[in-house]
Amino acid sequence: MTGAARIPLNDYGVLGEPPAPGEWTPTLTVSVVIPAYRAERTLPLTLASLARQTYPAHLMEVVVVDDGERPMEPPPESSAGPLPERLRVIRPRGGAWGRASACAAGAEAAQGEVILYLDADLVLFPEHVEAQMRWHHLADYLVVLGHLRFVPGLDEVPASEVLAAVEAGAVPKLFAEQDATPQWTERRWDQTDDLRAAGFGAFSVMVGATASLPARLLRAAGGLDASLVLGEDTELGYRLAQAGAVFVPDRLSRCWHLGRSTVMRREPDVKRHNWPHLAERVPSFRWLRRHPQRTYLVPYVEVVVEAGDASFEEVRATVDAVLAGRLPDVRVTVVGPWGRLGGGRRDPLGDPSLDLRLVLACYQGEPRVRFREAVPDDCFPVPFRFHCPPGWVPSRGTIGSVVKHADRQRLGIVSLALDEREDGRVVYARLERTAAIRRARHCAGPGDDLGDLVHEMYGTVWDAGDKWGFLPAALAATTAPPAPGRAWTDAPGETGPRGERGVRGKAGPRGERGARGEAGATGETGARGKAGAARALRSRSSRRRGGLSLSGPRPLRRTARLRHTARLRRTARRLRRRLRALVRPA
């Protein structure tokens, strides 16, 4: 769909209030997918509550995926309740098991435009499905989360009593709200204005007990990861966020959860099981990635270096600097015409493709470096992509600092002007947020510029690259780059990212944005991009005139600061040793 509604960050309030249940005409079809494992007692109650939904029956189908070791026995007629009009029961493929596999099998068999995942131990209020479907008629990249409360299980409440309440339309009166236990996600809803202010972390509260999303969005995100047997809903939520999704909790989409969840009963065991799997697949959970040097299945940042006509030395200087950075959780993609490097006889020293061959040979054994013929559209599911021109060297903390700045300021693109060529072309590095690029591409209509859309929904900024620790490769070998956020200057009053910025545009639902200039998704600098880069370069030039030239040596005051810091550290170590001696038992 082109020309879709443009939602900034996760602030879906721009869509307005959805229609009240019963006061609108639905048109979208929905497939309710229910993974069922040993659910013979509760599933009939879930199906009965689905048969009493207010959403039109001809627009709703129910797909039950029987994930047990053997097919479920049908319930006895005495306890069987009403069934949805369009109901199918399927089995997962041979050898597949677990909730993720069952959900994937159900989504594959589903025919609806929207997929609604439900647990097999829920009793739905009559408007549950309709309340979620209202939102999907407003925008086609929403993930809607239902509102559930935990109540006593069937060991305490007879199934016949629950079924009678369903048939009488009295599900809301079955339990008292004050006696039910809220789901842990409800606290997060309360803290973030129902996720409108949750920003990039909205995905973390996605729980698959009751959640709906467009089938096309599910396919674009790759579906559920069938290799996970627990935590698959959180991991899917992360990938949906990288695909540009917006997460909407709906408090009218209510239901009762019969019995306590596995997390409530065995929370320490669930965390112990899930965290290693999520650490590999969800880079946004930085607290799970504390090792200072290791890499993961999904890196945090993909750095793209386009070899082009650059020399081997220039490419190596850039790639080596990235790999030596303080952020080890990176992957480097070197783009070049690798396919033309044949294996036939050639002059080893006079080969016109010698530089490319040397780059390829230099990183054959480096697992963090890969080679591609062209720059992909994006780096999904990696959350960030950093374009770095060859021949420019970032400091050890540059990439991590730029990413932190983009997160703090909630930016979609950060462009750093490095130099201006004689022909007027601007050399720049650029950080792109995958979620912003994906959403902009989804919302783009004919003639829309992706950079403009990113600016509108997330915000973009231009700044001078030297402020963030970039150096030309020719100087990097003999000159220590500045710390990120400190300009190459001795002039008083110069500030880092928290001080005076170059050209900046911060997206938000309301208010003015600064002047902007952003490169398009293809890397071409448009008119606004040139203006933004020019301002950043003028700021850089003024710092040269007022302070230190980039070609000059580092000021002695930096050396003095380093020596002072070293003395303070030595003093602190001596004090710690004395304190330990004082408190050491005799």
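Because the structure is predicted, anything quoted here is derived from the model rather than measured.

Caption draft 1: Just a nonpolar patch on the surface, in detail. A contiguous nonpolar surface patch, about 290 Å² in accessible area, is contributed by Trp 97, Val 229 and Leu 230. Counting through the fold element by element, Trp 97 comes out in the loop between β3 (87-90) and α2 (99-109). With a relative accessible area of 57%, Trp 97 lands in the exposed category.

Caption draft 2: Structural detail: the pairing of strand β9 (residues 246-258). Judged by how many residues are buried, β9 sits mostly within the fold: ten of 13 residues are covered. The sheet contact formed by strand β5 (residues 122-124) and β9 spans three bridges and is antiparallel. Paired with Leu 122 across the bridge in β9 is His 257. In the sheet, strand β6 (residues 142-151) pairs with β9 via nine bridges, with the strands oriented parallel. By the bridge assignment, His 147 is partnered in β9 with Arg 254.

Caption draft 3: Summary view of the nonpolar core. Ile 115, Tyr 117, Val 143, Leu 145, Met 206, Leu 240 and Phe 247 are the most contacted members of the largest nonpolar core, which totals 42 residues. Of all elements in the fold, only β2 (60-66), α2, β4 (114-118), β6, β8 (210-214), α6 (215-220), α7 (232-242) and α9 (267-281) reach the threshold of two or more residues within this core. If you look at the next biggest cluster of nonpolar residues, it comprises 40 residues, including Tyr 300, Ala 307, Phe 371 and Val 403.

Caption draft 4: Spatial organisation of the pattern of salt bridges. Under the definition given, this model contains 36 salt bridges. With its nearest N and O atoms 3.3 Å apart, the salt bridge here joins Asp 193 to Arg 196. A relative accessible area of 24% means that Arg 196 is categorised as partly exposed. One salt-bridge network, held together by shared partners, links Glu 127, Arg 149, Glu 177, Glu 186, Asp 190, Asp 194, Arg 251 and Arg 254.

Caption draft 5: Inspection of the side chain of Asp 351 at higher detail. Here Asp 351 lies in the loop between β11 (330-335) and α11 (354-362). For Asp 351, a relative accessible area of 12% corresponds to the buried category. Among the polar contacts listed, one links the side chain of Asp 351 to the backbone nitrogen of Ser 353, at a separation of 3.0 Å. Those residues in contact with Asp 351 that sit more than four places away from it in its chain are Arg 346 and Arg 357.

Caption draft 6: Structural detail: unusual backbone geometry. The peptide bond linking Phe 380 to Pro 381 adopts the cis configuration, its omega dihedral lying at 5 degrees. Counting through the fold element by element, Pro 381 comes out in the loop between β12 (369-372) and β13 (384-387). Look at Leu 9: it is not a glycine, yet its phi comes out positive at around 50 degrees. The topology assignment puts Leu 9 in the segment before β1 (30-36). Here the phi dihedral of Arg 38 falls at roughly 50 degrees; this positive angle occurs in a residue that is not glycine. In this fold, Arg 38 is placed in the loop between β1 and α1 (43-51).

Analysis parameters
- Residues numbered from 1 in each chain as written.
- Predicted model: local features only at pLDDT ≥ 70, side-chain atom pairs only at ≥ 80, totals over all residues.
- Heavy atoms only, no water.
- Patch = residues over 30% accessible without salt bridge, like charges linked within 9 Å, V, L, I, M, F, W, Y side chains within 5 Å.
- Areas by Shrake-Rupley, 256 points an atom, 1.4 Å probe, with all protein chains shown as cover.
- Salt bridge = Lys/Arg side-chain N within 4 Å of Asp/Glu carboxyl O.
- Helix = DSSP H or I, 4+ residues; strand = E, 2+ residues; numbered from the N terminus.
- Buried < 20%, exposed > 50% of the residue type's maximum accessible area, 1.4 Å probe, protein only.
- Pairing = 2+ DSSP bridges.
- Core = buried A, V, L, I, M, F, W, Y, C linked by side-chain atoms within 4.5 Å.
- Polar contact = N/O pair within 3.5 Å; in protein donor to acceptor, adjacent residues only side chain to side chain.
- Contact = heavy atoms within 4.5 Å.

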